[in-house]
Amino acid sequence: MPGTRLVARASGKVRRMLASRFERREASTDSVGPIVSFTFDDAPKSAFGVGREILESFGARATYFVSLGLLDKETEVGRIASVDDLARAVAEGCELGCHTFDHLDAWSTSPRDYLESVVRNREALHQVLPGTGFAAFAYPKSGATVWIKPALSKLFACCRGGGQGINAGTIDLNLLNACFIDQWTGVDLEFIRKLVDDNAARRGWLIFATHDVAPTPSPYGCSPKFLEAVARCASETGSLLLPVGEACARLLYAAESGASSHHSVGRS
Ligand SMILES: [Zn+2]
């Protein structure tokens, strides 16, 4: 019913507004940016294969937000990675991030169940890859709630949402913006170019996100050609290409040391 849909849309808007305005953990990108990060949610195998190879050709390393409960399963974004895929990615300098064990939606899960799934994901990772931790967190499905942000703030250096925007000036480490380049979003290279240029001009932190990378991707993935074009666009601006955890560590280090120029932080 149209009326029901309108109510649902309005309530979603209020939830997103509350989540973005409150329980913020602020930091500044001014002394470190511009930075561009590439992230893959749910960790489909294709993101570890062709996705990783494309990024590698531009000197970039990915952050994979993993729900360990999905490992080896067939899903709508293709087959999910195995423990070997995770191990190889970590050995090659990529990062793993937490995406809850059960791929839960914070909008329809109690904070207690959600946090239990976060802890379970960490324990599952320790079992299969001892000594490996999660560098950051990404909210599955609908995104963050104002209730879950403060709890995750104690567990992760930063948490990523969506929003199709950049993080510039004073940013919220509890709910970082990302630009999904999934097919369903309809974003094109012109949009990407504007976003990358805006991010460079404002010395911000732009985080790209997608799922599978395949010639015929799912609605939640993108083609190798498109990922390559996005990575080329980002690398041409001379931005630092860093996984999310490393980028966050640089921001926090710069804040602590009061660094005033990104030249003093270095480039990699
Ligand atoms: Zn997901």
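The structure we're discussing is the one just above.
These numbers come from a predicted model, not from an experiment. (Residues numbered from 1 in each chain as written. Predicted model: local features only at pLDDT ≥ 70, side-chain atom pairs only at ≥ 80, totals over all residues.)

K.L.:
What is the right way to look at the overall build of the chain in this model?
P.N.:
The secondary structure content of the chain amounts to eight helices and 12 strands. For the chain, the C-alpha atoms occupy an extent of roughly 50 × 40 × 40 Å along the three principal directions. Counting the 268 residues in the chain, one finds 47% classified as buried. Taking the intrachain contacts of the chain between residues at least 6 apart in sequence as the baseline, contacts between residues at least 24 apart amount to 74%. (Helix = DSSP H or I, 4+ residues; strand = E, 2+ residues; numbered from the N terminus. Buried ≥ 20, exposed ≤ 12 C-beta atoms within 10 Å, placed from the backbone. Contact = placed C-beta atoms within 7 Å.)

K.L.:
Got a minute to help me understand helix α8 (residues 244-257) in this structure?
P.N.:
Along an α-helix, residues three or four apart share an orientation, since each turn contains 3.6 residues. Taking 1.5 Å of rise per residue, 14 residues should cover 20 Å, and α8 covers 20 Å from first to last C-alpha, within 8% of that figure. Residues of α8 that are buried: Val244, Gly245, Glu246, Ala247, Cys248, Arg250, Leu251 and Ala254. Structurally, α8 contributes buried residues whose contacts are with β1 (26-28), β2 (35-41), β3 (63-66), β6 (95-98), β8 (159-163) and β11 (205-210). Of the residues trailing α8, Gly258 is marked for its positive phi of about 65 degrees. (Expected span 1.5 Å × (residues − 1).)

K.L.:
Honestly, the nonpolar core in this entry has me stumped. Any pointers?
P.N.:
Note that soluble globular proteins tend to have their nonpolar side chains buried in a common cluster. Within the largest apolar cluster, 78 residues are counted, with the highest numbers of intra-cluster contacts made by Tyr64, Ala136, Cys159, Leu206 and Phe208. The residues contacting Leu206, other than those within four sequence positions of it, are Val36, Ile166, Cys179, Leu195, Val196 and Asn199. (Core = buried A, V, L, I, M, F, W, Y, C linked by C-beta atoms within 7 Å.)

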